[in-house]
Amino acid sequence: MKHLSFCSCSTCFTALIHVVICLSASFECTEGFDSQLELPHSGSNRTRPTSKRIIFVGDFGAKGDGVNDDTQAFEKAWKKACSFSARTRIVIPSGYIYLIHPIEFGGHCTSRITLEISGTIVAPKDPDAWKGLTHRKWLYFHGVNHLTVAGGGVINGMGQKWWARSCKINPKNPCRHAPTAITFHKCKNLKVKGLMVINSQQMHISFSSCLRVVASNLDVIAPANSPNTDGIHISESRGVEVKNSIVRTGDDCISIVSNSSVIRVRNIACGPGHGISIGSLGKSNSSARIHDIKVYGAYISDTENGVRIKTWQGGSGFASNMRFKYILMKNVSNPIIIDQYYCDSPVPCANQTSAVKVEKISFKHIKGTSATEEAIKFACSDSTPCEDLHLEDIQLALHSGGIAKSFCWKAYGSSHGLVEPAPCFTSTEGIIQQNVPSESAFQSF
């Protein structure tokens, strides 16, 4: 059997996965299943790039003492690198802590830039540092083509005071936006690898309107009770691959939202948090189009959800052609869930007839334990039912012992092979014959 290994900070995950896969009586340790789950390898083997120009932030006045503000030095280093025509590497060396205030790294550079982060970058502790600025941004990259952000460094959002002010922690507080630690907006041909991103004020890493992205070997960490701290958030992007990473946060480990397509999520360890989510979609009667999503190889533990599709009532558009495959669950609430009545609101949401169409969704080779009685839950719209759902090789039992259940409402589909708990799809003479998407429909981009 192939050994499963994680980043050095998560050695405990390694032993736990071996126990879950090979020693649990409810699992079969088959070659086919194990070969799909290759979790992150420890360490970071970086080869020295063949750069003609190397820029050190210390040459532009960065102190790296964690006290003095190094924002201006980073801005100067970026501007200089952006002006070169040759490949350029900006080095943020290890052994230093760089205090950085909200900063923008603008695009239309003439060079291909590698930002090598080996040291630690920290945000201001006090949210007042954002006074007069956009609260959504801290490290903000936009319009950059052929960018690599890599290294074994740490990016610390210092989110504790932001969390204390959150309306989700204290309902008496006003609900306000908090910064995303790292935002990539309208970026193309992007690589992000080998970083540890911790304690973000809100979301940790966001890809917005990006094209062709590979994010790999990341550690994304925040306390389980930290509000809205999504690990990796993907919106309006195409051709994004997230792989070989560990995400432990207070919200979705990975969230994929409106107008995203050709998304691949592979070999992910998730938990705690809210699981891997498609959505939410259709909020405030908006339209969403999301398709060609593949989650292939994940270990999800102690989360509020496993793999989830969530839509608001009143939305429009579609969520289509998705495959969730080779996933291990441990003590997960709602391991498999489609919720078209999602309502993240302090007051009940109004009933509405329109809905985002959910169709052509398959769940295969998913095993483990559920923290809730309903291990499979498909709560679909009355007016726009879920169609072309497919279950295959599902083995989910109650974590506390006993038999789990399925719940279906307006859900139509098929199953193949062993499915536990038993599927509960609705059958009517009027429903169109279900067509499960073929493997060729989900080829890598």
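This one's a predicted model, so the numbers in the text were calculated from it and none came from an experiment. (Residues numbered from 1 in each chain as written. Predicted model: local features only at pLDDT ≥ 70, side-chain atom pairs only at ≥ 80, totals over all residues. Heavy atoms only, no water.)

1. Some remarks on the overall build of the protein
Right, so step 1: In terms of regular secondary structure, the protein is built from 4 helices and 30 strands.
Right, so step 2: Looking at the protein as a whole, 54% of its 445 residues are labelled buried.
Right, so step 3: In the protein, of all internal contacts separated by at least 6 residues, the share reaching a separation of at least 24 is 76%.
Right, so step 4: Accessible surface computed for the protein: about 19,000 Å², of which carbon and sulfur atoms make up 49%. (Helix = DSSP H or I, 4+ residues; strand = E, 2+ residues; numbered from the N terminus. Buried < 20%, exposed > 50% of the residue type's maximum accessible area, 1.4 Å probe, protein only. Contact = heavy atoms within 4.5 Å. Areas by Shrake-Rupley, 256 points an atom, 1.4 Å probe, with all protein chains shown as cover.)

2. Some remarks on the packing of aromatic side chains
Right, so step 1: As enumerated under the stated definition, the model contains 13 aromatic pairs in all.
Right, so step 2: Aromatic side chains F378 and F425 sit 5.8 Å apart centroid to centroid with 5° between the ring planes, which places their arrangement in the stacked category. With F378 in strand β27 (residues 374–379) and F425 in the segment after β30 (411–420), this residue pair connects regions lying 47 residues apart in the sequence. A single burial state applies to F378 and to F425, both of which are buried.
Right, so step 3: Three or more aromatic residues joined by ring pairs form one cluster here, namely W78, F105, F141, F184 and F207.
Right, so step 4: Residue placement shows R53 over the ring face of F84; its charged tip is 4.1 Å from the ring centre.
Right, so step 5: For K410, the ring lying beneath its charged end belongs to W409, and the centroid distance is 5.7 Å. (Phe/Tyr/Trp six-rings, centres within 6.5 Å; stacked < 30°, edge-to-face > 60°. Lys NZ or Arg CZ within 6 Å of the ring centre and 35° of its normal.)

3. Observations concerning helix α3 (residues 71–83)
Right, so step 1: Between its terminal C-alpha atoms α3 stretches 19 Å, which fits the 18 Å expected from 13 residues at 1.5 Å a residue.
Right, so step 2: For α3, the full list of buried residues reads T71, A73, F74, A77, W78, A81 and C82. Taken end-on, α3 shows its buried residues confined to a sector of 165°, consistent with a single buried face. Opposite its buried face, α3 presents the exposed residues Q72 and K79, each directed more than 90 degrees away. (Expected span 1.5 Å × (residues − 1). Arc of directions from axis to C-beta.)

4. Comments concerning the sheet that holds strand β8 (residues 137–142)
Right, so step 1: One open sheet holds the 11 strands; their spatial order is β5-β8-β11-β14-β17-β19-β21-β23-β25-β27-β29, and the pairing between them is parallel. Edge positions in the sheet fall to β5 (103–106) and β29 (405–409), since each has one partner strand and no second. When the angles between neighbouring strand axes are averaged without regard to direction, this sheet yields 15°.
Right, so step 2: Sheet topology places strand β23 (residues 307–311) next to strand β25 (residues 336–339); 4 bridges connect them, and they run parallel. Looking at β25, one finds that R308 is bridged to I337.
Right, so step 3: Strands β5 and β8 of the sheet are contacted by α3, whose axis makes an angle of about 5° with β5. (Pairing = 2+ DSSP bridges. Axes fitted to C-alpha atoms, helices over the stretch in contact; angles between N-to-C directions.)

5. Considerations on empty space enclosed by the protein
Unoccupied space between atoms shows up once a probe the size of one water molecule is rolled over them.
Right, so step 1: Applying the stated criterion across every chain yields a total of 1 cavity of 30 Å³ or more.
Right, so step 2: What lines the largest cavity is a set of 15 residues, among which F74, I92, F105, L115 and F141 lie closest to the centre.
Right, so step 3: It is α3 that contributes the most residues to the lining of the largest cavity, 3 residues altogether.
Right, so step 4: Residue classes in the lining of the largest cavity are distributed as 15 nonpolar, no polar and no charged. (1 Å grid on protein atoms, 1.4 Å probe; cavity = no way out; pocket = protein on both sides within 12 Å on 5 of 7 lines; lining within 4 Å. Points joined across faces, edges and corners; volume = space filled by probe spheres on them. Nonpolar A, V, L, I, M, F, W, Y, C, P; charged D, E, K, R; others polar.)

6. A closer look at the nonpolar core
Right, so step 1: By size, the foremost hydrophobic cluster in this structure holds 100 residues, and its most contacted members are F184, F207, F324, F363 and F378.
Right, so step 2: What F184 contacts, discounting residues up to four positions off in sequence, is F141, L147, V149, L190, V192, I205, S206, F207, S208 and C210. (Core = buried A, V, L, I, M, F, W, Y, C linked by side-chain atoms within 4.5 Å.)

7. Some thoughts on the environment of G95
Right, so step 1: Within the secondary structure layout, G95 lies in the loop between β3 (88–92) and β4 (97–99).
Right, so step 2: Looking at G95, the relative accessible area reads 77%, which means it is exposed.
Right, so step 3: For the pair G95 and S118, spaced 23 residues apart in the sequence, the C-alpha separation amounts to 8.1 Å.

8. Here's the deal with the pattern of salt bridges
Right, so step 1: By the definition in use, this model includes 13 salt bridges.
Right, so step 2: The salt bridge involving R266 is made with E241; its shortest N-O contact spans 2.4 Å. On the criterion of sequence distance, the pair formed by R266 in strand β20 (residues 261–270) and E241 in strand β18 (residues 238–248) is long-range, its members being 25 residues apart.
Right, so step 3: Note on R266: relative accessible area 33%, which makes it partly exposed.
Right, so step 4: For D302, the salt bridge is made with K330, and the minimal N-O distance between the two is 3.9 Å. Residue D302 is found in the loop between β22 (287–301) and β23, and its partner K330 is found in strand β24 (residues 316–332); the two are separated by 28 residues along the sequence.
Right, so step 5: Three or more residues are tied together by salt bridges with common partners; here these are D252, R308 and K310. (Salt bridge = Lys/Arg side-chain N within 4 Å of Asp/Glu carboxyl O.)

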